[in-house]
Number of protein chains: 2
Amino acid sequence: MEDVRLIEVKEEIMADNNQVAAGVRKRLRDEKTLLLNLMSSPGSGKTSLILRTVEGLKGGVRLGVIEADIDSTVDAQKVAARGITAIQLRTGGFCHLDATMVTQGIDALAANDFDLIIIENVGNLVCPAEFDTGAHKNVMILSVPEGDDKPLKYPLMFTICDVLLVNKIDYLSLSDFDLAALRKRVLTLNPHIKIIEVSCKTGEGVEDWIAWLQKEVEAFRLGQGSK
Amino acid sequence: MEDVRLIEVKEEIMADNNQVAAGVRKRLRDEKTLLLNLMSSPGSGKTSLILRTVEGLKGGVRLGVIEADIDSTVDAQKVAARGITAIQLRTGGFCHLDATMVTQGIDALAANDFDLIIIENVGNLVCPAEFDTGAHKNVMILSVPEGDDKPLKYPLMFTICDVLLVNKIDYLSLSDFDLAALRKRVLTLNPHIKIIEVSCKTGEGVEDWIAWLQKEVEAFRLGQGSK
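Just so we're clear, the structure is a prediction, and the values are computed from it rather than from any experiment.

A.B. asks: Looking at this model, I keep getting lost on the overall build of chain A. Mind explaining?
C.D. replies: Looking only at helices and strands, chain A features eight helices and eight strands. Each of the 227 residues in chain A was classed as buried or not, and the buried ones make up 61%. Considering only contacts in chain A between residues 6 or more positions apart, those separated by 24 or more positions represent 76%. A total of about 8700 Å² of accessible surface is found on chain A, and carbon and sulfur atoms cover 50% of it. Each charge sign in chain A was given a centre, from 26 positive and 33 negative side chains, and these centres are 4 Å apart.

Take a look at the structure:
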């Protein structure tokens, strides 16, 4: 089992976040490492998705994880228990990660050892959408129990993401969640987003997510990453 | 059906939020109106709880609702459809309400017509916990699908609340949510919090919430509000 390293991060108010983010993106593209920023409400299944991703990745993909949390290390411990190197960023009350905080995580990971680094952002549909972390791809999870009206209420998050994972589809039978209505609302905001339905509990649909991810990782390995 | 009034709110960066909040609290206590701040993650059931509360309140309790949303009026419309006066505060990207924003809502409601005003805060477990809205009572919802580990990850929210409603208990059969573990984690942070298990879908447990609320409203009517 890997140890969890804990970093207390501070926001650099004066730094130009967009500039730092662009630097992070370039640095990791040069190192052929895909940086992926995973966002959702609290409890939508970010950590569960990462654990399913660890299981599903093939071809010797070297994965590192940067976990952000306000005040715990429970997620990083779960990831490290699977033998994955995990850095825990403790935001000390901050509601989002910025590119400077992510840089601290990447430096601690020593990024050139990895093909893929997944950032698990703070559980929040609002603030993380407003701060570029430097990731090449933004991925969000919406879980079925949260309801199909969330694109109406948190439009920016749906607008900035490359992939939407609709998680906990095993709850659909107990819910009035309308997948067609959701798709329509999301695609109105963001016609280019890829929508994948999954259940991290049963594993249903996870292969579609892994297929998308594997393709993106491969593109970065070959220096053909799309962003 | 009542009309929904929409107010675009702005944060007063320079104002002393705590001072404004204390003023709101005093003003409404003097008017014998209980102000309640309802918080949760996106999709935990804040609006559903308000609709159940509208049904359950007895004794001619005059209820007004202040809805906060980043970019929609869907919640206020649902409340207004029940004949309840609802103000929609559109925060324009802000991730929380502060006392100045709430004051704008109260002014629009004309607070002296109400025994109870419920604020539905922005769906977010982080930032709303950090800003005093001027409410007399803070109430949060945690829904079963979010998981029992949330007190470890968002401790401030659990610490500042008077009541925790554990919603969507109809999902318990599909979930590994551990109610006993949750209670222990929450009570460690906040020994005085009242925990009520409910399902806004089936109505289970809602009577316990209504009983607590009715008692608090009555105390404020008699000028004996506890805060």
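Text resumes after the structure shown.
A.B. asks: Is there a simple way to explain the relation of the copies chain A and chain B in this structure?
C.D. replies: Overlay of chain A on chain B (RMSD 0.0 Å): rotation 180 degrees, translation along the axis 0.0 Å. In symmetry terms, the pair is related by a two-fold rotation axis. With an isologous cut-off of 70% or more, the 100% of interface residues of chain A that recur at the interface of chain B puts this contact in the isologous class.

A.B. asks: Explain the packing of helix 1 (residues 17-30) of chain B against helix 4 (residues 99-109) of chain B to me, please; I cannot follow it from the model alone.
C.D. replies: The relative placement of two packed helices is expressed as an angle between their axes plus a distance between the axes. All names here are of chain B. Two elements in contact, helix 1 and helix 4, have axes separated by 8 Å at closest approach and are oriented at 30 degrees. When the interaxial angle is binned, helix 1 and helix 4 end up roughly parallel. Note on element contacts: helix 4 touches helix 1 through Ala99, Thr100, Thr103, Ile106 and Asp107, opposite Asn17, Val20, Ala21, Val24, Arg27 and Leu28. For the contact of helix 1 with helix 4, the residue count by class is six nonpolar, three polar and two charged.

A.B. asks: What is the right way to look at the pattern of salt bridges in this model?
C.D. replies: Once the charged atoms of two side chains with opposite charge are near each other, the side chains can pair. Residue and element names in this part refer to chain B. Applying the stated criterion across every chain yields a total of 30 salt bridges over all chains. Put simply, Asp132 and Arg25 hold a salt bridge, and the shortest N to O gap is 2.9 Å. A residue pair is termed long-range when its members are at least 10 positions apart, and Asp132 in the loop between strand 5 (116-120) and strand 6 (137-143) and Arg25 in helix 1 qualify at 107 residues. What makes Asp132 partly exposed here is its relative accessible area of 25%.

A.B. asks: I would appreciate a short explanation of the interface of chain A and chain B in the present structure.
C.D. replies: When the parts come together, some accessible area is lost, and that loss is often what is quoted as the size of the interface. With 35 residues of chain A in contact, the opposing surface of chain B contributes 35 residues. Roughly 2500 Å² is buried in total at the junction of chain A and chain B, and carbon and sulfur atoms are behind 55% of that figure. When the area that chain A buries against chain B is broken down by residue, the three leading residues are Pro42, Lys153 and Leu174 of chain A, summing to 23%. On the surface where chain A and chain B come into contact, there are two salt bridges. Note that Asp75 of chain B is salt-bridged to Lys153 of chain A, the shortest N-O span being 2.6 Å. At the level of secondary structure, the elements contributing two or more residues to the side of chain A that touches chain B comprise helix 3 (74-80) and helix 5 (150-153) of chain A. Considering only residue class, the side of chain A that touches chain B consists of 15 nonpolar, seven polar and 13 charged.

A.B. asks: What is the right way to read the nonpolar core from this model?
C.D. replies: Proteins that are soluble and globular tend to have nonpolar side chains buried together. With 81 residues, the main nonpolar core has Leu35 and Leu164 of chain A together with Leu35 and Leu164 of chain B as its most contacted residues. Considering each element in turn, this core owes the most residues, five residues, to helix 4 of chain B. With sequence-adjacent residues up to four places away left out, Leu35 of chain B is seen in contact with Val24, Leu28, Val102, Ile106, Ile117, Ile119, Gly134, Ala135, His136 and Lys137 of chain B. In this structure, Leu36, Ile84, Ile196 and Trp212 of chain A belong to the second largest nonpolar core, which totals 31 residues.

A.B. asks: Whenever I open this one, helix 7 (residues 179-189) of chain A confuses me. Can you help?
C.D. replies: Two residues of an α-helix separated by three or four positions point the same way, owing to the 3.6 residues in each turn. All names here are of chain A. Within the sequence span of helix 7, burial applies to Ala181, Leu182 and Val186. Across the axial projection of helix 7, the buried residues extend over an arc of 125 degrees, all falling on one side. Facing away from the buried side of helix 7 by over 90 degrees, the exposed positions are Ala180, Lys184 and Thr188.

Cut-offs used in this document
Residues numbered from 1 in each chain as written. Chains lettered and ligands numbered in written order. Predicted model: local features only at pLDDT ≥ 70, side-chain atom pairs only at ≥ 80, totals over all residues. Heavy atoms only, no water. Helix = DSSP H or I, 4+ residues; strand = E, 2+ residues; numbered from the N terminus. Buried < 20%, exposed > 50% of the residue type's maximum accessible area, 1.4 Å probe, protein only. Contact = heavy atoms within 4.5 Å. Areas by Shrake-Rupley, 256 points an atom, 1.4 Å probe, with all protein chains shown as cover. Lys, Arg positive; Asp, Glu negative; His and termini not counted. Charge placed at Lys NZ, Arg CZ, Asp CG, Glu CD. Least-squares fit on C-alpha atoms with pLDDT ≥ 70 in both. Axes fitted to C-alpha atoms, helices over the stretch in contact; angles between N-to-C directions. Parallel < 35°, antiparallel > 145°, perpendicular 65-115°, else oblique. Nonpolar A, V, L, I, M, F, W, Y, C, P; charged D, E, K, R; others polar. Salt bridge = Lys/Arg side-chain N within 4 Å of Asp/Glu carboxyl O. Buried area = accessible area lost by both parts, 1.4 Å probe. Core = buried A, V, L, I, M, F, W, Y, C linked by side-chain atoms within 4.5 Å. Arc of directions from axis to C-beta.

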